[in-house]
Amino acid sequence: MKTQFLDFEQPIGELEAKIEELRFVQEDSAVDISQEIARLQKKSQGLAKDIYAKLTAWQVAQVARHPQRPYALDYYEGMLTDFHELHGDRAFADDAAIVAGLARFDGRPVMVIGHQKGRDTKDRIYRNFGQARPEGYRKALRLMRLAERFKLPILTFIDTPGAYPGIGAEERGQSEAIGRNLFEMAGLRVPIICTIIGEGGSGGALAVAVGDATMMLQYSIYSVISPEGCAAILWKTPARTSDAAEALGITANRLKSLGLIDTVIPEPLGGAHRDPAAVMQSVRKAIADQFKLLDGLSPEDLIKRRHDRLQSYGRYKEISVV
Amino acid sequence: MSWFKKLLPPRINRDAGANKRSSMPEGLWSKCDSCEAVLYRTDLDNNLQVCPKCAHHNRISARDRLDGLLDPEGRFELCAEVVPVDTLKFKDSRRYVERLAEAQQATGETDALVVMQGSILGLPLVVASFEFAFMGGSMGSVVGERFVRAVEAAIDQKVPFVCFLASGGARMQEGLLSLMQMAKTCAALQRLSTVPLPFISVLTDPTMGGVSASFAMIGDVVIAEPGALIGFAGPRVIEQTVRETLPDGFQRAEFLLEKGAIDMIVDRRNMRDRVAALLALLTGQSLAA
């Protein structure tokens, strides 16, 4: 598949196109141009390195939303074995924006839950652009409870612009569905390892991201509101989206420094889509590392530890009150 | 402007709250937003800000609500020691610290949640109440921490916990810290529920966004005030997304009751009796006559 380049990557894109052209003519060429190709490839790498060394928060958001970025099902396929999708909330419908089921991670049975975006227009509509409705969150909760009964750890993969803001979603209790998950996940007696692989969009992301470890891919984002939404509300113009992204502090490194996430998982230069296999390997290792930390804990210790982590979130000061 | 207002002398010719708070005395008159009846302010104050003519529930400050709810004796404030800081150095058209200072000035509160321990009709409890006039009742680190400390106080004292909500959602100026308060508050309630101690959630106008999508709907009993706007996404956002006009009464308390999202709608003037009765039933106590 041909790599799509984002606006700010255009210099790399142009160079890559030139390399592609040269490769095409190389076979018919009387002179050897392989050296020239190698030189350009090196230049392209250097260019990518320069651009990615100083990405703005808004540029990171665009990488996180890249149409070729690996999605949850890609991780299931590339990183897990024996995946069996389980469907439906048993009350209303099956929500295709959340894909979940039983699988094996390094041979051990686990429950996996993740948001799923679509690749092409038809698929995107089917997946509702990764925006879940209440039935999606209720399916997730049903399967988390199932996992708890059979003592299976839960792996979640977060990638959503946010919970779906629709009439039906409101009628069926979008708020309740999200709140219920936050409430129940705090008390589940099995390890929950959460990885943000693309967009961590507000409450719709958090509804499957409460657990014992929160990890983020290097170029993923996690935010209380989309930069666009924040710019529209606080600056009253979409032109300030980049400023909003910066102010909100949505990038992995920033959130790590605030103590809100545990691990930043490195991505290849240019983002996860440039080398999906390498990313899967990194995510697999990061999850395995978390298992090492969590495996020895009793359910009581696990819940206590999770509770303490959740209670540590927040910045305030204390004054003496008369 | 109504003919009546034109006749009013300038000193009282203003809507309550329309002007910035100043050294001017409180307006004597107020117009009901719903039935447009002109009301004597004192009548409104004595009626918990409910219009005596049409029963429209106007917004009420956190402290006035607690005053009208708790028994006068033996109540005291909790969690006031927790106050806000600007961790992200957030600045949009204005700095977060300026917005905080302005809200503190206007409301006399240090943040958007007031917590008290006391009793209702003799039943001891911890109550938290949102101050909507403080940055739209938005939840940041302080609201989250005060909520958690309130729940922990309820657990320590072995008393029920009641929360009155009025919030536009998470406080954007605290970035992801504010989102995490949703998980933090719900984790505290998870602990309360295993004791078990009751949590009654009272949704007032408005209860939206991140506050709605966390502890609002997971009360053991969920009550709403009449006509309150309650929902996850704001009506404008939904309209822009689905490109349809929203049905009449969408996201109002009555709509939520019909959809099965809440247990009951209770008039503010009966709230004290209803909350006390429910708590007495859930905790196996009887109410003093």
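Residues numbered from 1 in each chain as written. Chains lettered and ligands numbered in written order. Predicted model: local features only at pLDDT ≥ 70, side-chain atom pairs only at ≥ 80, totals over all residues. Heavy atoms only, no water.

Caption draft 1: View of the overall build of chain A. Along chain A, the regular secondary structure elements total 14 helices and nine strands. A compact globule built from 322 residues should have a C-alpha radius of gyration of about 20 Å, and chain A, at 21 Å, falls within 12% of that. Reported as C-alpha extents along the three principal axes, the dimensions of chain A are approximately 75 × 55 × 40 Å. In chain A, buried positions account for 54% of the 322 residues. The contacts of chain A with a sequence gap of at least 6 include a subset with a gap of at least 24, amounting to 72%. Surface summary for chain A: the accessible area is close to 14100 Å², and the carbon and sulfur share equals 52%. Each charge class in chain A was averaged separately, 42 positive and 42 negative side chains, and the resulting centres sit 4 Å apart. (Helix = DSSP H or I, 4+ residues; strand = E, 2+ residues; numbered from the N terminus. Rg over C-alpha atoms; globule rule 2.2 N^0.38 Å. Buried < 20%, exposed > 50% of the residue type's maximum accessible area, 1.4 Å probe, protein only. Contact = heavy atoms within 4.5 Å. Areas by Shrake-Rupley, 256 points an atom, 1.4 Å probe, with all protein chains shown as cover. Lys, Arg positive; Asp, Glu negative; His and termini not counted. Charge placed at Lys NZ, Arg CZ, Asp CG, Glu CD.)

Caption draft 2: Up close: the side chain of A:Lys117. All names here are of chain A. Mapped onto the elements, Lys117 comes out in the loop between β3 (108-115) and α5 (121-126). Looking at Lys117, the relative accessible area reads 9%, which means it is buried. Within the structure, Lys117 has its side chain in polar contact with the side chain of Asp159 (distance 3.1 Å). Side-chain polar atoms of Lys117 contact the side chain of Glu199, separated by 2.8 Å. Residues within four places of Lys117 in sequence aside, it is in contact with Tyr71, Arg127, Phe129, Gly130, Asp159, Thr160, Pro161 and Glu199. (Polar contact = N/O pair within 3.5 Å; in protein donor to acceptor, adjacent residues only side chain to side chain.)

Caption draft 3: Inspection of the interface of chain A and chain B at higher detail. Between chain A and chain B, the residue contacts involve 48 residues of the former and 56 residues of the latter. Summed over both sides, the interface of chain A with chain B buries roughly 4700 Å², with 71% coming from carbon and sulfur. The interface formed by chain A and chain B includes two salt bridges. We note a salt bridge from A:Glu318 to B:Arg149, for which the minimum N-O separation is 3.0 Å. (Buried area = accessible area lost by both parts, 1.4 Å probe. Salt bridge = Lys/Arg side-chain N within 4 Å of Asp/Glu carboxyl O.)

Caption draft 4: Examining the pairing of strand β7 (residues 161-167) of chain B more closely. All names here are of chain B. Taking burial as the measure, the seven residues of β7 include seven buried ones, the bulk of the element. Of the two faces of β7, both are covered, the one formed by Phe161, Cys163, Leu165 and Ser167 as well as the one formed by Val162, Phe164 and Ala166. When strand β6 (residues 123-130) meets β7, the two strands line up parallel, connected through four bridges. Counterpart to Val127 in the pairing with β7 is Val162. Note that the unit made of β6, helix α5 (residues 141-157) and β7 has a crossover that is right-handed. Across six bridges, β7 lies against strand β8 (residues 199-208) in parallel orientation. Among the inter-strand pairings, Phe164 is bridged to a residue of β8, identified as Val202. Handedness of the crossover is the feature at issue here: the chain leaves β7, passes through helix α6 (residues 175-194), returns alongside β8, and the resulting connection is right-handed. (Pairing = 2+ DSSP bridges. Right-handed = clockwise from strand over helix to strand, strands pointing away.)

Caption draft 5: Inspection of the pattern of salt bridges at higher detail. All chains considered together, the criterion is met by 44 salt bridges over all chains. A:Glu171 is paired through a salt bridge with B:Lys259; the nearest N and O atoms lie 4.0 Å apart. With A:Glu171 in helix α7 (residues 167-171) and B:Lys259 in helix α9 (residues 253-259), this pair bridges two chains. On the basis of relative accessible area, A:Glu171 is assigned to the partly exposed category, the value being 27%. A relative accessible area of 37% places B:Lys259 in the partly exposed class. Here B:Glu109 ties to B:Arg63 by a salt bridge, and the two come within 2.6 Å at their closest N and O atoms. With B:Glu109 in the loop between α4 (96-107) and β5 (113-120) and B:Arg63 in helix α3 (residues 62-69), this residue pair connects regions lying 46 residues apart in the sequence. The buried category is assigned to B:Glu109, whose relative accessible area is 7%. What makes B:Arg63 partly exposed here is its relative accessible area of 28%.

Caption draft 6: Spatial organisation of the confidence of the model for chain B. Chain-level pLDDT for chain B is 91 on average; 91% of the residues reach the 70-or-more range. Scored below 50 in pLDDT, residues 13-24 of chain B shows 13 contacts in the model against residues more than four places distant or in partner chains. (pLDDT = per-residue confidence, 0-100.)

Caption draft 7: Structural detail: helix α14 (residues 299-311) of chain A. For α14(A), which comprises 13 residues, the first-to-last C-alpha distance of 18 Å matches the rise-based estimate of 18 Å (1.5 Å per residue) to within 8%. Residues A:Leu302, A:Arg306, A:His307, A:Arg309, A:Leu310 and A:Gln311 constitute the buried set of α14(A). Looking at the packing, one finds that the buried side of α14(A) touches α8 (174-185), β5 (192-201), β6 (213-217) and α13 (276-294) of chain A together with α5 and α6 of chain B. (Expected span 1.5 Å × (residues − 1).)

Caption draft 8: Region of the structure containing the packing of helix α6 (residues 134-149) of chain A against α8(A). All names here are of chain A. The interhelical angle for the contact between α6 and α8, taken along N-to-C directions, is 20°, at an axis separation of 8 Å. Accordingly, the angle class assigned to the pair α6 and α8 is roughly parallel. Note that α6 runs across α8; the crossing there is left-handed. Facing α6, whose interface residues are Pro134, Tyr137, Arg138, Ala140, Leu141, Met144 and Arg145, α8 presents Gln174, Glu176, Ala177, Ile178, Arg180, Asn181, Glu184 and Met185. Among the residues forming the contact of α6 with α8, the class breakdown is eight nonpolar, two polar and five charged. (Axes fitted to C-alpha atoms, helices over the stretch in contact; angles between N-to-C directions. Parallel < 35°, antiparallel > 145°, perpendicular 65-115°, else oblique. Left-handed = near helix turned anticlockwise from the far one by under 90°. Nonpolar A, V, L, I, M, F, W, Y, C, P; charged D, E, K, R; others polar.)

Caption draft 9: Quick peek at the state of the cysteines. One pass over the structure, following the stated rule, counts zero disulfides over all chains. For the unlinked cysteine A:Cys194, the closest cysteine sulfur is that of B:Cys186, found at 15 Å. There is no disulfide at B:Cys35, and the cysteine sulfur nearest it, in B:Cys54, is 3.6 Å away. A relative accessible area of 34% means that B:Cys35 is categorised as partly exposed. (Disulfide = S-S within 2.5 Å.)

Caption draft 10: Molecular detail of unusual backbone geometry. Residues and elements named next belong to chain B. Pro196 follows Val195 through a cis peptide bond whose omega is 0°. Tracing the backbone through its elements, the reader meets Pro196 in the loop between α6 and β8. Positive phi outside glycine occurs at Gln251, with the angle close to 65°. Mapped onto the elements, Gln251 comes out in the loop between α8 (235-242) and α9.

Caption draft 11: Spatial organisation of the side chain of A:Asn128. The topology assignment puts A:Asn128 in the loop between α5 and α6. Not counting residues within four places of it along the chain, the set of residues in contact with A:Asn128 comprises A:Arg133 and A:Tyr164.

Caption draft 12: Representation of the nonpolar core in the model. Residues A:Tyr222, B:Phe161, B:Leu189 and B:Phe215 are the most contacted members of the largest nonpolar core, which totals 130 residues. Broken down by element, the residue count for this core peaks at eleven residues, all from α6(B). Filtering out sequence-adjacent residues up to four positions away, B:Leu189 remains in contact with A:Phe183, B:Phe147, B:Val151, B:Phe161, B:Phe199, B:Phe215 and B:Ile218. Ranked by size, the runner-up nonpolar core spans 27 residues in total, among them A:Val110, A:Phe157, A:Ala213 and A:Phe291. (Core = buried A, V, L, I, M, F, W, Y, C linked by side-chain atoms within 4.5 Å.)

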